[in-house]
Amino acid sequence: MPSSIASYQWLLYIFTVISSLQVSATRFNIPRLSPTRGTILQNPEILSATISEDFQTFYYNQTLDHFNYRPESYSTFQQRYVINFKYWGGGAGADANAPIFVYLGAEEPLDGDISVIGFLTDNAARFNALLHRYYGKSIPFGSREEALKNASTLGYFNSAQAITDYAEILLHIKEKYNARHSPVIVIGGSYGGMLAAWFRLKYPHAALGALASSAPILYFDDITPQNGYYSIVTRDFREASETCYETIMKSWAEIEKVASKPDGLSILSKKFRTCKPLKDLYELEDYLELVYADAAQYNQPPKYPVNMLCGGIDGAALGTDNDILSKIFAGVVASKGNKTCYVNPPINGSETAVGYRWQTCSEMVMPIGIDNTTMFPPDPFDLSNYIDDCKKLYGVSPRPHWVTTYYGGYDIKLILQRFASNIIFSNGLRDPYSSGGVLEDISKSVVAIHTVNGSHCLDILRANQDSDPDWLVMQRKAEVEIIEGWISKYYADLQSNNRNCTQNKRKGNNK
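Residues numbered from 1 in each chain as written. Predicted model: local features only at pLDDT ≥ 70, side-chain atom pairs only at ≥ 80, totals over all residues. Heavy atoms only, no water.

## A short note on the side chain of Ser214
Applicable threshold: Secondary structure follows DSSP: runs of H or I at least 4 residues long count as helices, runs of E at least 2 residues long count as strands, and numbering of each begins at the N terminus. Any residue under 20% of the maximum accessible area for its type is buried, any over 50% is exposed, and the rest in between are partly exposed; the area is computed with a 1.4 Å probe on protein chains only. Residues adjacent in sequence count toward polar contacts only when both atoms are side-chain atoms; beyond that, a polar contact is any pair of N or O atoms within 3.5 Å, and within protein one must be able to donate a hydrogen and the other to accept it. Whether two residues are in contact is decided by their heavy atoms: any pair within 4.5 Å suffices.
Secondary-structure assignment places Ser214 in the loop between strand 5 (209-213) and helix 7 (228-240). Classification of Ser214 by relative accessible area gives buried; the value is 2%. Polar side-chain contacts of Ser214 include one of 2.7 Å to the backbone nitrogen of Cys457. Not counting the four nearest positions on each side in its chain, Ser214 is found in contact with Ser190, Ser426, Asn427, Asp431, Ser455, His456 and Cys457.

Below, the structure is given as structure tokens:
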């Protein structure tokens, strides 16, 4: 029986590709849900990248609609999955019951996730690999243009369909490779972390356990205070530099003051080197809000983006251009690098952009707002406006209560302690999305692991022996030990079950 993850002979690596675009239907932007800071929208060339030669690509004939019996529901599309056969030659012999590890990725293409998500590869020398409907090459209706055309075709694009896709493909793979008794562990970060937790709850027969990293499953239906996210962003910046925090707080009034001048938008466009002339001050304010949010959410070693950004702001005070807006722009450059332009670059209209916008306008309604206690201008979440703008885009209304209806969320400890098991909710408390995460143990096997200085999905990223702090190393070690415990108990139960079946069979033959 395997004693550590590093010794497992078969690991299945499953990826979900989700967009990072902050294009919500309203003025307010929903911060990106992705394990990694890089964005497909800024690097469209990675859409055409090839995966490692270690992986072989397959396609599963997937059902379009799992939840009703209308004739059109039986339509199918080709759903992509990939498997690494480098260390595994089939489901026979010693490998027959080896674990299957399923990574439910988010936002980045398959290739990007493989290169940066290191939890599996760092803890297991052998693994295999799948893809989320409507993203990448798993496109229903024959083409991307047709699939994303309108609400009628986009209507099959939701988390419930996606996790059911996973269940079908997992059962198919286990049958195909004689791995019926292989325990499955699902792992995901951010949106993928939500999917991992929800998959374990909805399909306990298909997954033995789940690691849900930085999964804000409680940021729905006002379970979490609307200002939770930006309160943590504010705290992160204030702890990094009081002067930086104060400069940012003062900058909003200065931006509005300049914008009110007859040529104010032109002045701001030049000051911030915008890609196109600003149409209004909200373009600039939205951009800056997301720059600060991005730095806080992904404030990880060794670079620590919040410190870099504040270093630019505080450092500008020593130069000749030390007015407030020059300091803010210096922070942007320190964070984003020296580019030809900022703020409003050309929009990449990929399926990732359209896809995540659809999800936030249908089921993923996260009421993130800003009150007057942060370093940002007050901007409360207005559900009525949000619904109106989504209806203008798609002709359908969002369902703000659907996630809590279908997956739950209210009184989570009271409910889940009675039936759920084998879920790790991991969070870093410097991650703004930790405000919507599970931070306390629910039961002995539904546990919360958090680190005071951790950032978004840091625990599942590739380990770096030179820069990873001890607390991060210990967090990953604790997660591995918990998963090993799940699998060891499963093997013991499987052995006992097989022994009982053999004994019962012998008794039957002796009658």
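## Observations concerning the packing of helix 8 (residues 242-259) against helix 10 (residues 281-297)
Stated formally: Axis definition: a line fit to C-alpha positions, over the contact stretch in the case of helices; interaxial angles, taken between N-to-C directions, run 0 to 180 degrees. For classification purposes, an angle smaller than 35 degrees is called roughly parallel, one larger than 145 roughly antiparallel, one from 65 to 115 roughly perpendicular, and anything else oblique. The hand of a helix crossing depends on one turn: near helix anticlockwise from the far one by less than a right angle means left-handed, and clockwise means right-handed. Note that Gly is not counted as nonpolar here; it falls among the polar residues with everything else outside the nonpolar set of Ala, Val, Leu, Ile, Met, Phe, Trp, Tyr, Cys and Pro and the charged set of Asp, Glu, Lys and Arg.
Two elements in contact, helix 8 and helix 10, have axes separated by 10 Å at closest approach and are oriented at 165°. The orientation of helix 8 relative to helix 10 falls into the category roughly antiparallel. Every pair of crossing elements has a handedness; the one defined by helix 8 and helix 10 is right-handed. For the pair formed by helix 8 and helix 10, the contact residues are Ile248, Trp252, Ile255, Glu256 and Ala259 on the first element and Leu281, Leu284, Glu285, Leu288, Glu289 and Tyr292 on the second. The residue inventory of the contact of helix 8 with helix 10, partitioned by class, reads 8 nonpolar, no polar and 3 charged.

## Here we look at the state of the cysteines
So the rule is basically this: What counts as a disulfide here is a pair of cysteine sulfur atoms lying within 2.5 Å.
In the structure shown here, the tally under the stated rule is 3 disulfides. One disulfide in the model links Cys244 with Cys310; its S-S distance is 2.2 Å. Given an S-S torsion of about -70°, the disulfide between Cys244 and Cys310 has left-handed geometry. With Cys244 in helix 8 and Cys310 in helix 11 (residues 305-316), this residue pair connects regions lying 66 residues apart in the sequence. Each disulfide pairs two cysteine sulfurs, and for Cys361 the partner residue is Cys390, the sulfurs being separated by 2.0 Å. Here the disulfide of Cys361 and Cys390 is left-handed, its torsion about the S-S bond being about -80°.

## A closer look at the packing of aromatic side chains
This is how the line gets drawn: Here the aromatic set is Phe, Tyr and Trp, taking the six-membered ring for Trp, and pairing holds for ring centres within 6.5 Å; pairs whose planes are under 30 degrees apart are stacked, those over 60 apart are edge-to-face, and all others are tilted. Whether a charge sits over a ring depends on NZ of Lys or CZ of Arg being within 6 Å of the ring centre and within 35 degrees of the ring normal.
One pass over the full model with this rule turns up 20 aromatic pairs. With a centroid separation of 5.2 Å and 20° between ring planes, the pair formed by Trp402 and Tyr406 is classed as stacked. Here Trp402 and its partner Tyr406 are both found in helix 15 (residues 402-406), 4 residues apart, which amounts to about one turn of the helix. The exposure class of Trp402 is partly exposed, given its relative accessible area of 29%. Taken together through their ring pairs, the aromatic side chains of Tyr219, Tyr229, Tyr230, Phe237, Trp252, Tyr292, Phe376 and Tyr433 make up a single cluster. When the ring centre of Tyr406 is taken as reference, the NZ or CZ atom of Lys202 above it lies at 4.0 Å.

## Things to note about the pattern of salt bridges
Selection rule: Each salt bridge in this description consists of a side-chain nitrogen of Lys or Arg and a carboxyl oxygen of Asp or Glu lying within 4 Å of one another.
Following the criterion strictly, the structure yields 9 salt bridges and no others. A salt bridge links Arg70 to Glu72, with the nearest nitrogen and oxygen atoms 2.7 Å apart.

## Focus on a nonpolar patch on the surface
Our working rule: Residues forming no salt bridge and having over 30% relative accessible area are the ones grouped into patches, like charges within 9 Å of each other and nonpolar side chains (Val, Leu, Ile, Met, Phe, Trp, Tyr) within 5 Å. Shrake-Rupley sampling with a 1.4 Å probe provides the accessible areas, and residues are treated as covered by the protein chains on show and by no other component.
Taken together, the side chains of Leu414, Ile415 and Phe419 present a nonpolar region at the surface, about 300 Å² in accessible area. Its location among the elements puts Leu414 in helix 16 (residues 412-416). Given a relative accessible area of 45%, Leu414 falls into the partly exposed group.

## Details of unusual backbone geometry
With the exception of glycine, most residues fall at negative phi, and the peptide bonds are largely trans. Here Pro301 and Pro302 are connected by a cis peptide whose omega angle stands at 0°. Examined against the element boundaries, Pro302 turns out to sit in the loop between helix 10 and helix 11. The phi dihedral of Asp221 falls on the positive side, at around 55°, and the residue is not glycine. Mapping Asp221 onto the fold places it in the loop between strand 5 and helix 7.

## With respect to helix 14 (residues 383-394)
Just so we agree on the cut-off: Take the residue count of a helix, subtract one, and multiply by 1.5 Å to get its expected span. As used here, the arc is the angular range of directions from the helix axis to the C-beta atoms.
Here helix 14 is 12 residues long and its end C-alpha atoms lie 16 Å apart, about the 16 Å a rise of 1.5 Å per residue gives. If you check which residues of helix 14 are buried, you get Tyr386, Cys390 and Tyr394. Looking straight down helix 14, one finds that the buried residues subtend no more than 45° of arc, so they occupy a single side. The backbone nitrogen of Ser384 has a side-chain oxygen 3.1 Å away, supplied by the residue at the start of helix 14, namely Asp382.

## So, the nonpolar core
What counts is decided by this rule: Here, nonpolar core means buried Ala, Val, Leu, Ile, Met, Phe, Trp, Tyr and Cys residues that are tied together by side-chain atoms lying within 4.5 Å of each other.
Ranked by internal contacts, the top residues of the largest apolar core, which has 93 residues, are Phe199, Phe237, Leu288 and Tyr292. With 10 residues, the single largest contributor to this core is helix 10. Here Tyr292 is in contact with Val233, Phe237, Ile248, Trp252, Leu309, Ile328, Met375 and Phe376, once residues within four sequence places are set aside. Listed in part, the 22 residues of the second largest apolar core include Tyr103, Ile117, Ile449 and Cys457.

## Re the confidence of the model for the chain
Note the cut-off: Residue-level confidence of the predictor, termed pLDDT, takes values from 0 up to 100.
Of all residues in the chain, 81% have pLDDT values of 70 or greater, and the mean over the chain is 85. Across residues 6-11, confidence stays below pLDDT 50; counting only partners more than four residues off in sequence or on other chains, it has 33 contacts. The low-confidence segment residues 13-28, where pLDDT is below 50, has 93 contacts with residues more than four positions distant or belonging to other chains.

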